[in-house]
Every structure is written in structure tokens, then in C-alpha cells.
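Chain by chain, the residues run as shown.
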Amino acid sequence: MMMVDYLHKFILKRIFPFREWISDLKNPKILQADVVAGLTVALVLVPQSMAYAQLAGLPPYYGLYASFLPVAIASVFGSSRQLATGPVAVVSLLTAAALEPIASNDPSGYVAYAIMLAFLVGVFQLSLGLLRMGVLVDFLSHPVVTGFTNAAAIIIGTSQLSKLFGVTVASEEQHYQTVMNVISESLVNTHNPTLLMGILAIFLIIFVRKVAKKYPAVLISVAITTFISWYIDFETKYGGKVIGVVPDGLPSIQIPQIDLSQLINLGTVAIVISLIGFMEAISIAKAMATQTKQRLDADQELVGQGLSNIVSSFFQGYPVSGSFSRSAVNISAGALTGFSSVVTGIVVGITLLFLTPLLYHIPQATLAAVIITAVINLIKFKPIKYAWKVQQQDAVISIITFFVTLLLAPKLELGIIVGIILSLASYCYRSMRPRVICLSKNTQGVFRNSDTNNIPKCCSISVMRFDGPLIFTNAGHFENEVIERVATKPELRYFIVDAIAINEIDATGQDMLHSLSSRLYDQNINLFFARVHKPILKIFADTGYSTGQWKNHFHRTIDDAIEYAWSDLGCTNVSPPFCTSDVCPLNRGTAGLSSIYEASIRRMKVKKQ
């Protein structure tokens, strides 16, 4: 009965997560706060969504379609109460990059492929959420995302230069070639009225953000430039480009058309968009959850994002994701539940029903200005500098991802793939070469790195710490490190492994230890272990490694192991922490001992082979 109740609650939580906050709306203050926040976000979303649709290569009003129901669905079925979903810059760019090669062969099917892409993204995200496989996003390391995002922001910004300068050029195979052509064309054929309109829009956005942060800078800029465009007849008298006619009415429901011939091409990009989009969304949601102290479920958020993309595809929208800027507006405006996003969707619906004539005169240059000012905040090189201080390999990976993405654009997915491969390779290399240090006690009686701290070493006893799991990828490295250290001490009789950092061992590691212990034992050297974790000790016991002739080789602390070695060696008059080679009873001063011992080490290596 308890199991049935648990399953019932689990299913309700998965299907109806909004039950956790919907009762809060009975409080008039919470309801009012959500309505105000939802309206505020909508004022930003309407012009921004049209700009991003243009970035995706779609007519601007498709951005409104993607901002209608998907916004509400994501909040109702996700776990974050403040995450604002809808068209975003990076996902729009990825959409354009995926569809441009296809559109060259079938321009009429561009919109259909964008809708299909939204459906594929939604299905993939929903599947990951239902299967509780959100951990796959962890394959996108922070350095990879940082490098990719910086490159994408530059690509997005430069892609709007032609609209800002009012010039038209043919798209080249590589994005940087197209940008160079735009710059060359702009030097001789800039459309001055368009450039002035774009500069005015950028100035207004920056000015309002600086002097009146509480006001919607984007909406104010769009409203002013649109009024000017209408008043001076920007389209007819000045030859400026405007949005034009926006179909009124809500988008009709249509089943997405799946083109099997393009399934592989779009499927690959759909996976990239799914992971990048969700990582952006979950990062924003986590930041807000930390601020609001609300519980966040990554798998449930995947469900919400997946359903929002599926719904977007059924209502003629394109892929969507969580927006950092609009989420910041949402939480700063006082949003307390997911109902604020429902309000946002309602306002977008009202815009589609009654306000589309007001959108006609919006200059294309203004939408370009909206995009440029939005992506400037995405360019952040400080995280790369920070990564260099933490782990230089991560910084190098971030830089390589950045340049590969820039150079190979519009094939943006290749930058992500290269970054993931490099991250996994870096991880494998680090797991194959964990840090290995020799330990000795300092004058305060604390074990420290004897090499970096210049602490004297005992000629008969060595202590080594291995900072990593002992598995197939690094078992050979562990063995080589032990043998090399043994070779430097001809009088060595006890080799103590500090196993405090060894939290995992596999069959390869176990076999290597058994073989190494036997070979060292044949050379009159005992391999001891100290501070071994209980799960590892259990494995040693089950395999017989900690019994028989090895039963005295395992000790609770390093000091216990050393005292046992001293007792066995007869070092009763030696002062701790270690004896020195001058007083060690085993240092017989025999001239040929070192060469004999080196020969024995060579025999050990041969025996290993």
C-alpha cells in the first residue's frame, strides 16, 4: 500500500508539478506580483522574440508564435518558478546554422524544417527527462560552454551587421568570409538612414538601462524608433526595411511534418540544441533557486523544456529555451510562481490577436540593435582567465572551442563536438595520471610532500600517496611510480601507500597490486597500506589480498604502519619521524649494494612483462 501511495505521488509530481505552487495564487499579493512580473516580461519578450526569429532566418512573427504557449507550458511542467522560456539568441543561431544548408536546396521548406527541428528538440529533451538522464548535460563542461558561448555571441553580433548598415551580400561557406564581405560592402554602400536608425536604437537601449534600470529598455527603444519610422515614412521615403505585415490571430495547430531524408542532419543539431539550450536554462534556474531557496529538479525541468518545444512545433514555432535576460527581469519584477510566465503567454496572445498592426513599422535595424545589445553580455573572457588559474587544460579547451566555433561557423555543432572530445580526453588523461607524492613528517609532526618541503627521507621506509582511484586507466601508472621510487632507494625495506585518496578499485588495479606485492616481496620489500577505505578493504578481504602472508600489511594510520616497520627492522633507538641514512642500521655502506639493487629492479620489470 505504501508503494502504491509513493508511485501515486511520484506520478502526480511528474505530470502536475504546478500543484506545488498553484495554491499560492489564492494569496492576492502573490497573484498581483505574478501578474505584474508576467506583463513586464512580455513587454521585453514581444520585440525580443521577433528579433531572435529574424536571427533564426524566420519571419519575425514566428518569434511571437514561439513565445505564446511554449512560455506557459515550460513554467507549468518545469520545476523552476521564475525561469522565463522562449526564443533565445544562441538557440536561434543554431537553428539558422542548421537550416541554411538545407534551405539552399529547398527554400520553401525552411519554416517546415524549423518546426520539425523544434519537435525533435522537444522529443529528445522530454525523453531525457522521463528517463532521468539529465546527467548527460554534464558532458558539456563549463569551459566548453564558455568558449562556445563567447564565439556564438560574436557570430550573432556580426551576423546583424548587414541589417545595421543596410547592405545585402551573398552568404559564403564560412561565416567570417560573409562578415568580411559585409564590411567591404558597408565601406561603399552603407544605407545611412538605416545606420542612423540602428545607432539610435542601440543608444536608447544603453541609455535607458543606465539611467532607468526598472524600465523596459528594449520596449522603449522599439517604441520610439517604430514611431519615428511611421512618422517619417521610413519604408517609402527613405528606403528603409521594416517588419511589414504581421498576420493577425493566434497560430493554428498543425502536426509537424517529419522529413525522413533530413532526419539525420537535423537530428544531430537537435541533440546539440537540446543540450546547449537546457544547460543554459538549468544554469539560470539554479542561480535563481539559490536566491529564492526553492528546490530544483533538473529532470523535471527537462520535461518542461521538452514539452514547451513540442508544443512550439505544433503551433508553428521554432526551438526555445530558458532566457537569462528575461528570467532576470522576471525575478526582479517580483515573480513568485510559474503563473507569471502564464501571464506572459497570455499577453503575447493578446498581441497576436489585436496589436499586430502596430508592429508593421518596426525597422529591421532596430531588431538588429536588440540582438546586438543582448549578446554583448554573453561575451565573457574572465571565466577563461579564471579557468587558467584553476586548471590550464580547461582554459586551453575553452580557447580551442572558441576558435573552432568561430572558424567553422555556420557549422556550430562541430565546435561543441570538438570541445566535448577534448574535455573527455583531458579527463581521461588526468585519470590516467593522478598526482603521486612522497610523504615525510615535518618538524611539527605533520605529513607533507617531502620533495617540495625539503623534508629528509628514510632510507628504509617510503610513504607514497596516490591521489585518485586505482582502476584500469592508471594501474600501470601506479606500478611504475612505485618501481621508480623503489629504484632510488637501494636499502628500502618497506613501501607504505597512503590510500586515503583511493576511493575506488577495479579488477585491473587489484591484480596489479597482488602482482606488485609479490615481486616486491621477492626482493625483500613489503608493500604496506594505510588509511584504506572500508569498501576497498572489503574487496581486499573478498579476494584474499588482505589475508595470509599479507594480513599484516594493512594499517589504520601511516604512523601505525611506520611503527610496525620500525619494530620489524629493530629501529628501537631511532627518533621520529624518520631515521636518516647515516644512522639507519640497514645502511651498511656497501659500495656495490646500489648496483645490485638496480639489477633486481630490472628483474622485477622483466618479470612483470
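Here the structure is a predicted model, which is why all the values come from computation and not from measurement. Every chain begins its residue count from 1, and numbering advances along the sequence as written. The predicted nature of this model means local features are confined to residues of pLDDT at least 70 and side-chain atom pairs, given and counted, to a pLDDT of 80 or more, with totals for whole chains, interfaces and linings taken over all residues. Only hydrogens and water are removed before side-chain values are computed, so all heavy atoms of the structure are retained for them.

Counting from the N terminus, the helices are DSSP H or I runs at least four residues long and the strands are E runs at least two residues long. Of regular secondary structure, the chain possesses 26 helices and 8 strands. Its C-alpha atoms give the chain a radius of gyration of 32 Å, clearly above 25 Å, the size a compact globule of 609 residues would have. By its C-alpha atoms, the chain is 105 × 70 × 50 Å across when sized along the principal axes. The burial tally for the chain puts 52% of its 609 residues in the buried class. The contacts in the chain between residues at least 6 apart in sequence include a share of 81% that link residues at least 24 apart. Each accessible area value is a Shrake-Rupley result obtained with a 1.4 Å probe; residue values ignore everything except the protein chains displayed when judging cover. Summed over its atoms, the accessible surface of the chain is roughly 28900 Å², and 62% of this surface lies on carbon and sulfur atoms. The atom set for the radius of gyration is the C-alpha atoms, and the globule formula is 2.2 Å times the number of residues raised to the power 0.38. Residue exposure (1.4 Å probe, protein chains only): buried if accessible area is under 20% of the type maximum, exposed if over 50%, otherwise partly exposed. Contacts: residue pairs with any heavy atoms within 4.5 Å of one another.

Attention shifts here to the pairing of strand β5 (residues 461-467). For β5, the tally of buried residues reaches 6 of 7 residues, placing the bulk of the element in the interior. Alignment of strand β3 (residues 435-441) against β5, held across 4 bridges, turns out to be antiparallel. Across the sheet, Val-436 pairs through a bridge with Phe-466, a residue of β5. Two strands are said to pair when DSSP picks up at least two bridges between them. Sheet topology note: the β5/strand β6 (residues 494-498) ladder contains 5 bridges and is parallel. Note that in β6 the partner of Arg-465 across the bridge is Asp-498. For the handedness criterion, the strands are oriented away from the viewer, and a crossover whose path from the first strand over the helix to the second runs clockwise is classed as right-handed. Note that the unit made of β5, helix α22 (residues 475-487) and β6 has a crossover that is right-handed.

When the terminal C-alpha atoms of helix α14 (residues 263-292) are compared, their 41 Å separation across 30 residues agrees well with the 44 Å that a helix rising 1.5 Å per residue should span. Where α14 terminates, the next one or two residues include Lys-293, which has phi positive at roughly 65 degrees. Expected span, for any helix, means 1.5 Å times one less than how many residues it has.

With that settled, the discussion passes to the packing of aromatic side chains. Centre distance within 6.5 Å is the pairing criterion for rings of Phe, Tyr and Trp, where only the six-membered ring of Trp is used; planes under 30 degrees apart are then read as stacked, over 60 as edge-to-face, and the remainder as tilted. Scanning all chains against the criterion turns up 20 aromatic pairs. Centroid distance Phe-119 to Phe-314: 6.3 Å. Interplanar angle 65 degrees. Geometry classified as edge-to-face. With a gap of 195 residues between them, Phe-119 in helix α7 (residues 110-130) and Phe-314 in helix α15 (residues 298-314) connect regions that are remote in the sequence. Looking at Phe-119, the relative accessible area reads 21%, which means it is partly exposed. With a centroid separation of 6.4 Å and 55 degrees between ring planes, the pair formed by Trp-230 and Tyr-231 is classed as tilted. Grouping aromatic residues by their ring pairs yields a cluster made of Phe-529, Phe-540, Tyr-545 and Phe-554. Here, a charge over a ring is recorded when the distance from Lys NZ or Arg CZ to the ring centre is within 6 Å and its angle to the ring normal is within 35 degrees. Sitting over the ring of Phe-324, Lys-380 keeps its end group 5.9 Å from the ring centre.

Moving on to the confidence of the model for the chain. pLDDT measures how confident the predictor is about each residue, on a scale from 0 to 100. Across the chain, pLDDT averages 85, with 90% of residues at or above 70. Low pLDDT (under 50) marks residues 573-608, which in the prediction has 53 contacts with non-local residues, meaning those over four places away or in another chain.

Further remarks concern the sheet that holds strand β7 (residues 526-530). Across the sheet, 6 strands lie side by side as β4-β3-β5-β6-β7-β8; this open sheet has mixed pairing. Looking along the sheet, the strands with just one partner apiece sit at the ends: β4 (447-449) and β8 (554-555). As paired elements, β6 and β7 share 5 bridges and run parallel to each other. Directly across from Ile-496, in β7, lies its bridge partner Phe-528. Of the strands in this sheet, β3, β5 and β6 touch α22, which is tilted by about 155 degrees from β5. Angles shown run from 0 to 180 degrees and are taken between the N-to-C directions of axes, each axis being a line fitted to C-alpha atoms and, for helices, limited to the stretch in contact.

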